[in-house]
Amino acid sequence: MNSLKSDSGAKPAEAPAESGSRSNFIRDIIAEDIRTGKHGGRVQTRFPPEPNGYLHIGHAKAIYLDFGLAAEFGGKCNLRFDDTNPSKEETEYVEAIMEDVEWLGYKWDGLFYASDYFQQLYEWAVQLIKAGKAFVCDLSADEIREYRGTLTEPGKESPYRNRSVAENLDLFERMKNGEFPDGSRTLRAKIDMASPNVNFRDPVMYRILHMEHHRTGNQWCIYPMYDWAHGQSDSIEKVTHSICTLEFDNNRPLYNWYIEQLGIFPSQQYEFDRLSLSYTMMSKRKLLRLVQEGRVAGWNDPRMPTLSGMRRRGYTPEAIRNFAASLGVSKTNGVTQLQQLEYYVREDLNKHALRVMAVLNPLRVVIDNYPDNLVEEMDAVNNPEDASAGSRKVPFSKVLYIEQDDFREDPPKQFYRLAPGREVRLRYGYLITCQSVVKDADGNIVELHCTYDPATRGGNTPDGRKVKSTIHWVSAAHAVDAEVRLYDTLFTKEDPNEVEEGQDFTANLNPNSLEVLTGCKVEPGLRDVEPGARYQFERMGYFCVDPDSKSGKPVFNRTIGLKDTWAKIEQRGKK
RNA sequence: UGGGGAGUCGCCAAGUGGUAAGGCAGCGGCCUUUGGAGCCGCCAUUCGUAGGUUCGAAUCCUACCUCCCCAGCCA
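It should be emphasised that the depicted structure is a prediction, and the values quoted were computed from it without experimental measurement.

1. Concerning the overall build of chain A
Then, in step 1: The helix and strand tally for chain A stands at 13 helices and 25 strands.
Then, in step 2: Burial statistics for chain A: of 575 residues in total, 52% are counted as buried.
Then, in step 3: Contacts spanning at least 24 positions in sequence make up 72% of the contacts within chain A whose residues lie at least 6 apart.
Then, in step 4: Entry remark: accessible area of chain A is about 25,700 Å², with carbon and sulfur atoms responsible for 46%.
Then, in step 5: Side chains of chain A carry 74 positive and 85 negative charges; the gap between the two charge centres is 3 Å.

As structure tokens, this is what we get:
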């Protein structure tokens, strides 16, 4: 007999080297580059999050591609924090991101920070100035915007565009030395104010920011812009395939321009469609708002699309990886349905979660013909999908709890569960027949009186008799009280951003996204469970032990319900 | 109305001149001590629209329509 110790999922299982067999255009490009011997067949990728928030399921797709593709082709993948903007970045996020990547099952080859390259970037900027391709601009932010022109009209050149190299060098050094206030000057690339690609209209390379950086402290007061840092960071790391999302398509020409001007290793950028999921959103800015405004309990609230939220909710790394592998990699802006993610969560949990019995909304049942003080230990299978999971003993006695939803005084058509005069099987228990119903003064059903058939111990029917339904139960005298948190989607609309004039996404927040149940009754083996452990409550769904649990007072998060045919039938009847 | 991307089943997505893969969802059935799981079957004469080339087009050409991205000293 095995205990009920479940895999808590605390230790990350390493992801397989294969990134899946499904073909996609990026894989095709890499395969072709290897075939032609580009970079000597070497593959180097990187996952470059900005530490300004927690990782979400959309990042899982990027991680899967960055790490998965590198592994598939025998290459390497670095984790690089894109920390060029100290006003938004924090060490807390750096740590959370590393934890999440590891939890997902990936190991980075190199661990880097864009800030590692600040000195090199500075020297390269001096190089561009000397080449007459960058200048210090005294225009204010507003003026720069005005000078930039619009999408349909060209911009005008900055009056500071033709400063001498010597003056630019002097000014830039003084910018670095902290002689000028924030926003007073910028270093800009000298490209083309009339370019149809707005990114080429003398883009800002450095801004002055007297702000402490989470890693470089107060060493710098000028910080590089994304475009001036990203390509070069890739290049320094000899990244061969720099995979990013579609919105950076417009930045690719500038990415290439900087690399060409500097004559450094030619990393190449490829863009794929970022993941969008129905009923949620991936905007870190908006997720931050939910956290800051207290709309959720934190970045790891089980309703959040963050990896830490999903972890707390009970999603497994394996399920998320399988989901990522099932996704298409294209250039289409699509919205994947939540059900696709849920399918992979159920699939993995079905294979691995131990089955237990738990009654969420208890209804007391007294078995009138069962001996008053008898307690029988019934054999229960831990996981019918996995014989090695073994079995356990569950106590059975005269007074039990069953699910309120498993009884109907006036059963509708196709409702097979318990009803007056009807016989059902108590899983691993006995067949019982409902004899009478006890109600309180308000007419609520508070107790059922049933009889059992002693010949059906274990739920077997020696006479071959068929029962339509098997329901779960917990012995009242042995039950452990538990709190169960039920979750629904955080938003009521498939697209949370679809709002009426004057409203924002918070108008679509689902007021019923969290329902807390107390006084739930779970089998005695669940008295002391470890946070993170995952179970299937038979017939109810998958549940994960929350860190809020205390000995004898477990708290469970519903990861996801089981598919519910009866609910579907009932729903259909209502229409 | 500048530039860049994209339009194949309800959703995601293969396909790249030879006669529409697959997954999710859905719908039937079988099986079942979870109305779970599993198993079997069904589910685009049609590829944004209209023309054209070709023996033959989702794939090539032309025009048009729709959607997304870019005007941060954000990434």
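2. Considerations on the protein's contact with RNA strand B
Then, in step 1: By nearness alone, 71 residues border RNA strand B, and Arg-355, Gln-414, Arg-427, Gly-458 and Thr-565 come closest of all.
Then, in step 2: Among the atoms of RNA strand B close to the protein, meaning within 4 Å, 64% are from sugar or phosphate groups.
Then, in step 3: Residue Thr-565 places a side-chain N or O atom 2.5 Å away from a sugar or linking oxygen belonging to RNA strand B.
Then, in step 4: One of the side-chain N or O atoms of Arg-572 is found 3.1 Å from a phosphate oxygen in RNA strand B.
Then, in step 5: Elements with a minimum of two residues in the surface near RNA strand B: helix H5 (141-148), strand E6 (204-208), helix H12 (338-352) and helix H13 (565-574).
Then, in step 6: Of the residues in the surface near RNA strand B, the class split is 22 nonpolar, 28 polar and 21 charged.

3. Thoughts on the pattern of salt bridges
For side chains of opposite charge, pairing can occur when their charged atoms come near one another.
Then, in step 1: Within this structure, the stated rule accounts for 46 salt bridges.
Then, in step 2: Glu-376 serves as the salt-bridge partner of Arg-457, at 2.5 Å between the closest nitrogen and oxygen. With a gap of 81 residues between them, Arg-457 in the loop between strand E18 (445-452) and strand E19 (470-471) and Glu-376 in strand E13 (residues 376-381) connect regions that are remote in the sequence.
Then, in step 3: A relative accessible area of 38% means that Arg-457 is categorised as partly exposed.
Then, in step 4: Residue classification places Glu-376 among the buried residues on the basis of a relative accessible area of 11%.
Then, in step 5: Arg-427 serves as the salt-bridge partner of Glu-538, at 2.2 Å between the closest nitrogen and oxygen.

4. Notes on unusual backbone geometry
Then, in step 1: You will see that Lys-238, though not glycine, has its phi angle at about 55 degrees, which is positive.
Then, in step 2: Within the secondary structure, Lys-238 sits in the loop between helix H7 (226-236) and strand E8 (241-245).
Then, in step 3: Even without being a glycine, Tyr-279 presents a positive backbone phi close to 65 degrees.
Then, in step 4: For Tyr-279, a relative accessible area of 28% puts it in the partly exposed group.

5. A short note on the side chain of Asn-383
Then, in step 1: On the secondary structure map, Asn-383 appears in the loop between E13 and strand E14 (391-396).
Then, in step 2: On the basis of relative accessibility, which here comes to 2%, the residue Asn-383 falls in the buried class.
Then, in step 3: The contacts of Asn-383, once residues within four sequence positions are left out, are Asn-350, Lys-351, His-352, Ala-353, Arg-355, Ala-389 and Gly-390.

6. Let's talk about the domain arrangement of chain A
Then, in step 1: With domains assigned, chain A is organised as domain 1 (17-116 + 230-348), domain 2 (118-225) and domain 3 (354-479).
Then, in step 2: Relative to domain 3, the C-alpha centre of domain 2 lies at a distance of 74 Å.

7. Some points on the sheet that holds strand E1 (residues 44-47)
Then, in step 1: In spatial order, the strands read E1-E2-E3; together these 3 strands make up an open sheet with parallel pairing. The open sheet has two edge strands, E1 and strand E3 (111-113), and neither has a second partner. Strand after strand, the sheet turns through a mean of 35 degrees between neighbouring axes, direction not considered.
Then, in step 2: Inspection of the sheet shows strand E2 (residues 76-81) paired to E3 by 3 bridges, in the parallel sense. Bridge assignment links Arg-80 to a residue of E3, and that residue is Phe-112.
Then, in step 3: Against the sheet, helix H2 (residues 57-72) contacts E1 and E2, and its axis sits at roughly 160 degrees relative to E1.

8. Remarks on the environment of Arg-42
Then, in step 1: With respect to the element layout, Arg-42 can be found in the loop between helix H1 (25-35) and E1.
Then, in step 2: Placed 33 residues apart in sequence, Arg-42 and Gly-75 show a C-alpha to C-alpha distance of 6.4 Å.
Then, in step 3: Among the polar contacts listed, one links the side chain of Arg-42 to the backbone oxygen of Lys-238, at a separation of 2.9 Å.

9. Concerning the state of the cysteines
Then, in step 1: The tally for this structure, following the rule as stated, stands at 0 disulfides.
Then, in step 2: There is no disulfide at Cys-244, and the cysteine sulfur nearest it, in Cys-77, is 14 Å away.
Then, in step 3: Of the cysteine sulfurs around Cys-434, a residue in no disulfide, the closest is that of Cys-450, at 4.7 Å.
Then, in step 4: Residue class for Cys-434 comes out buried when judged on its relative accessible area of 1%.

10. Things to note about the sheet that holds strand E4 (residues 134-137)
Then, in step 1: Taken in spatial order, the 4 strands make up an open sheet running E4-E5-E6-E7, and their pairing is antiparallel. Each edge of the open sheet is held by one strand with a lone partner, namely E4 and strand E7 (222-224). Averaged over all adjacent pairs, the angle separating strand axes in this sheet is 20 degrees, with direction ignored.
Then, in step 2: Of the strand pairs in this sheet, E4 and strand E5 (residues 186-189) are connected by 4 bridges, and their pairing is antiparallel. When the sheet's bridge partners are listed, Ala-134 is paired in E5 with Ala-189.
Then, in step 3: Against the sheet, helix H4 (residues 118-130) engages E4, E5, E6 and E7, with an angle of about 120 degrees to E6.

11. A short note on the environment of Thr-45
Then, in step 1: Relative to the helices and strands, Thr-45 resides in strand E1.
Then, in step 2: In this structure Thr-45 comes out as buried when scored by relative accessible area, which is 0%.
Then, in step 3: For the pair Thr-45 and Ala-70, spaced 25 residues apart in sequence, the C-alpha separation works out to 6.3 Å.
Then, in step 4: Each residue touching Thr-45, except ones within four places of it in the same chain, is listed here: Asp-66, Ala-70, Lys-76, Cys-77, Asn-78, Val-239, His-241 and Ile-243.
Then, in step 5: Side-chain polar atoms of Thr-45 contact the backbone oxygen of Asp-66, separated by 2.7 Å.

12. Here's the deal with the pairing of strand E15 (residues 399-403)
Then, in step 1: Of all the 5 residues making up E15, 5 are buried; the element is thus mostly covered by neighbouring parts of the structure.
Then, in step 2: In this structure, strand E12 (residues 362-367) lies alongside E15, joined through 5 bridges in antiparallel fashion. Counterpart to Val-366 in the pairing with E15 is Val-399.
Then, in step 3: In terms of strand pairing, E15 meets strand E20 (residues 473-475) through 3 bridges, oriented antiparallel. Within E20, the residue paired with Ile-402 across the bridge is Trp-473.

Calculation criteria
Residues numbered from 1 in each chain as written. Chains lettered and ligands numbered in written order. Predicted model: local features only at pLDDT ≥ 70, side-chain atom pairs only at ≥ 80, totals over all residues. Heavy atoms only, no water. Helix = DSSP H or I, 4+ residues; strand = E, 2+ residues; numbered from the N terminus. Buried < 20%, exposed > 50% of the residue type's maximum accessible area, 1.4 Å probe, protein only. Contact = heavy atoms within 4.5 Å. Areas by Shrake-Rupley, 256 points an atom, 1.4 Å probe, with all protein chains shown as cover. Lys, Arg positive; Asp, Glu negative; His and termini not counted. Charge placed at Lys NZ, Arg CZ, Asp CG, Glu CD. Near = heavy atom within 4 Å. Polar contact = N/O pair within 3.5 Å; in protein donor to acceptor, adjacent residues only side chain to side chain. Nonpolar A, V, L, I, M, F, W, Y, C, P; charged D, E, K, R; others polar. Salt bridge = Lys/Arg side-chain N within 4 Å of Asp/Glu carboxyl O. Domains from an automatic or database assignment. Pairing = 2+ DSSP bridges. Axes fitted to C-alpha atoms, helices over the stretch in contact; angles between N-to-C directions. Disulfide = S-S within 2.5 Å.

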